[in-house]
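Architecture and fold: a report
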Amino acid sequence: MVRCIRTTGLAVIVTMVAGCAGSGAASQASGGPSAGRANEAAPAVRETAAARPEATSEGAARSSSSSVEGVLAGMSVEEKVGQLFMPVLYGSSATTSSGENQARFGAATPAKVIAKYRPGGVILFPWADNVKSVRQLVALTNGMQKASPGVPLLVGADQENGQISRLAPLVTELPAAKVIGSTGDPSLARRAAKVTGTELRALGVNLDFAPVADVNVNPRNPVIGPRAYGSDPGKVAPMVAAAVRGFHDAGVAATAKHFPGHGDTSVDSHTGLPVIKHSRSQWSKLDAPPFAAAIEADVDAIMSAHVVMPKLDPSGDPATLSKPILTGLLREKLGFEGVVSTDALNMAGVREKYGDGEVAVRAVLAGADLLLMPPDYPKAHGAVLAAVRSGRISGERLDESVRRLLKLKAARGLLTKAPVADPAEAERVLRSAAHRKVASLITSRAR
């Protein structure tokens, strides 16, 4: 097993070559900051700046940064706050009236909710009547994008495959992460993610809340289990990195979850508040490596966990509301510069100590950028807006989050104009013979 060593602020994290920047074709394919550095030691060659790939890349990065700053400068405080939120909207089309939307948002249709609150994104679920057929879902995502003419939406889905497959039965049925992990072959994790990402993109979905980066060390874990690639961080880490690259191959944003690690719990954070007693040293060796590998693979977002780790933060707050964890460990120690998403804010694990408005504010103050599924959207939105206006959340802190979200959108081609999904192309791509062949290959190699 060939390894490389990367020193972070918290420890020396050992990851597979597949998860290390500048380690060959796999790294370059990810499009991360280290892509294109493989030839640094080559003899100097006289060439124009336009002919050099790194110069072109740098120019594109400067152009993207300029575009992000231009969009940010043109946004009102209300529009900036809106970018932080990703709700569930009810209905099978953007113009479908729903009593749920009216009760929850004061607007009947998804299009009207988007026009009223200008959210940064939406997340799709079958129980919200979002997922019925390929053509219906393409029309829904296109219609919601049309309702957001200023800044296109992040359209998210919780499509891990296995037991968490929100877009089944429209998409190819792929094995769960545990099955992929059992093959011992990270290239299969990458191929599976590319299949899923390609199908999501065809449907108009541009962000997947996958892969799971938890190390499932507790056999009694009621919420992770087969959703994880395994129980050995040294084997899970390269799988996670490969999956991130697979999503990027398909042009879809990836989210590693659930930071700082949800693998050693016996309580489901949907219904309670798990406490994990790992020491900082244990966390560094057991929980951190897959997240470090995801960061090396240039993962777009990392989702927080509604778990308490008293040795990482003695306050008793879940990680979603913990500045020492989200800012101290994730940003400052692991060096993550992308989007931090909360796990769903309607889960019991994050609602035990504070009200729904205060939870949203505390999540932003802790370091979160994307507030997922607040149970009382008007209350959460109003609380964050009030905190900004009072100075509790500074204008600078708000801009940090909005800038990260806009950079993610720019990286996936969503900053100023959303791509329009083609229903005929989606029907051709989804559940194709080539995609089903990948699923069969993984199953045949599982141990």
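Quick note: structure is the one above.
Presented here is an overview of the structure given in this document. (Residues numbered from 1 in each chain as written. Predicted model: local features only at pLDDT ≥ 70, side-chain atom pairs only at ≥ 80, totals over all residues. Heavy atoms only, no water.)

Side note on the overall build of the protein chain
Scanning the protein chain from N- to C-terminus turns up 17 helices and twelve strands. Sequence-distant contacts in the protein chain: of pairs separated by 6 or more residues, those separated by 24 or more amount to 76%. As presented, the protein chain carries roughly 17800 Å² of accessible surface, and 52% of it is formed by carbon and sulfur atoms. (Helix = DSSP H or I, 4+ residues; strand = E, 2+ residues; numbered from the N terminus. Contact = heavy atoms within 4.5 Å. Areas by Shrake-Rupley, 256 points an atom, 1.4 Å probe, with all protein chains shown as cover.)

Quick look at the nonpolar core
Grouped together as the largest cluster of nonpolar side chains are 135 residues, with contacts concentrated most on Phe-259 and Val-384. Counting residues per element, this core draws most heavily on helix α9 (residues 233-249), which supplies nine residues. Beyond its immediate stretch of four places on either side in the chain, Phe-259 contacts Trp-283, Phe-291, Ile-302, Met-303, Ser-304, Ala-305, Ala-319, Ile-325, Leu-326, Leu-329, Leu-330 and Leu-334. (Core = buried A, V, L, I, M, F, W, Y, C linked by side-chain atoms within 4.5 Å. Buried < 20%, exposed > 50% of the residue type's maximum accessible area, 1.4 Å probe, protein only.)

Here we look at the packing of helix α8 (residues 186-203) against helix α17 (residues 433-445)
At a minimum axis distance of 10 Å, the contact between α8 and α17 shows a crossing angle of 150°. Considering the angle they form, α8 stands roughly antiparallel to α17. For the pair α8 and α17, the sense of crossing is left-handed. Mapping the contact onto sequence places Leu-188, Arg-191, Ala-192, Val-195, Thr-198 and Glu-199 in α8 and His-435, Val-438, Leu-441, Ile-442 and Arg-445 in α17. (Axes fitted to C-alpha atoms, helices over the stretch in contact; angles between N-to-C directions. Parallel < 35°, antiparallel > 145°, perpendicular 65-115°, else oblique. Left-handed = near helix turned anticlockwise from the far one by under 90°.)

Structural notes on helix α13 (residues 356-366)
Most of α13 is tucked away: eight of the eleven residues are buried. Listed in full, the buried residues belonging to α13 are Asp-356, Gly-357, Val-359, Ala-360, Val-361, Ala-363, Val-364 and Ala-366. In the segment just after α13, Gly-367 is the residue with positive phi, at about 135°.

Concerning the pairing of strand β4 (residues 121-124)
Burial of β4 is two-sided: the residues Gly-121 and Ile-123 facing one way and the residues Val-122 and Leu-124 facing the other way are all buried. In the sheet, β4 pairs with strand β5 (residues 154-157) via four bridges, with the strands oriented parallel. Within β5, the position partnered with Ile-123 by the bridge is Gly-156. Of the crossover connections in this fold, the one passing from β4 over helix α6 (residues 134-146) to the parallel β5 is right-handed. (Pairing = 2+ DSSP bridges. Right-handed = clockwise from strand over helix to strand, strands pointing away.)

Here we look at the pattern of salt bridges
Pairing between side chains of opposite charge can happen when their charged atoms approach one another. Overall, the coordinates contain 23 salt bridges when judged by the stated rule. One salt bridge in this structure joins Asp-249 and Arg-190, with 2.8 Å as the shortest N-O distance. One end of the pair, Asp-249, is in helix α9; the other, Arg-190, is in helix α8, with 59 residues separating them in the sequence. Take Asp-249: its relative accessible area is 30%, and that puts it in the partly exposed class. By relative accessible area, which is 17% here, Arg-190 ends up buried. The salt bridge partner of Asp-300 is Arg-412, with a shortest N-O separation of 3.0 Å. (Salt bridge = Lys/Arg side-chain N within 4 Å of Asp/Glu carboxyl O.)

Some thoughts on the sheet that holds strand β11 (residues 339-341)
Each strand in a sheet pairs with its neighbour through backbone hydrogen bonds, running either in the same direction (parallel) or in the opposite one (antiparallel). The sheet built from six strands is open, its strands ordered β4-β5-β8-β9-β10-β11 with parallel pairing. With partners counted over all chains shown, the strands left at the sheet margins are β4 and β11, one partner each. Here strand β8 (residues 207-208) runs beside strand β9 (residues 253-259); their pairing, made up of two bridges, is parallel. Looking at β9, one finds that Asp-208 is bridged to Ala-254.

Quick look at the environment of Ala-193
Take Ala-193: it is sitting in helix α8. Put simply, Ala-193 and Gln-159 are 34 residues apart on the chain and 10.0 Å apart in space, counted from C-alpha to C-alpha. The residues contacting Ala-193, other than those within four sequence positions of it, are Ala-243, Gly-246 and Phe-247.

Describing the environment of Glu-358
Examined against the element boundaries, Glu-358 turns out to sit in helix α13. Judged by its relative accessible area of 25%, Glu-358 is partly exposed. Along the backbone, Glu-358 and Ala-387 are 29 residues apart, and their C-alpha atoms lie at a distance of 9.6 Å. Side chain to side chain, Glu-358 and Arg-362 meet in a polar contact 2.8 Å long. (Polar contact = N/O pair within 3.5 Å; in protein donor to acceptor, adjacent residues only side chain to side chain.)

Some words on helix α11 (residues 288-296)
Among the nine residues in α11, nine count as buried, and that is most of the element. For α11, the full list of buried residues reads Ala-288, Pro-289, Pro-290, Phe-291, Ala-292, Ala-293, Ala-294, Ile-295 and Glu-296. Within two residues after α11, Asp-298 carries a phi angle of roughly 70°, on the positive side.

Some remarks on the pairing of strand β10 (residues 301-304)
Both faces of β10 are covered, namely the face carrying Ala-301 and Met-303 and the face carrying Ile-302 and Ser-304. Relative to β10, β9 runs parallel, the two being bridged by four bridges. The residue bridging Thr-255 from the neighbouring strand is Ala-301, located in β10. The pairing of β10 with β11 spans three bridges and is parallel. Paired with Ile-302 across the bridge in β11 is Val-340. You can see the chain leave β10, run along helix α12 (residues 323-333) and come back into β11, and the turn it takes is right-handed.

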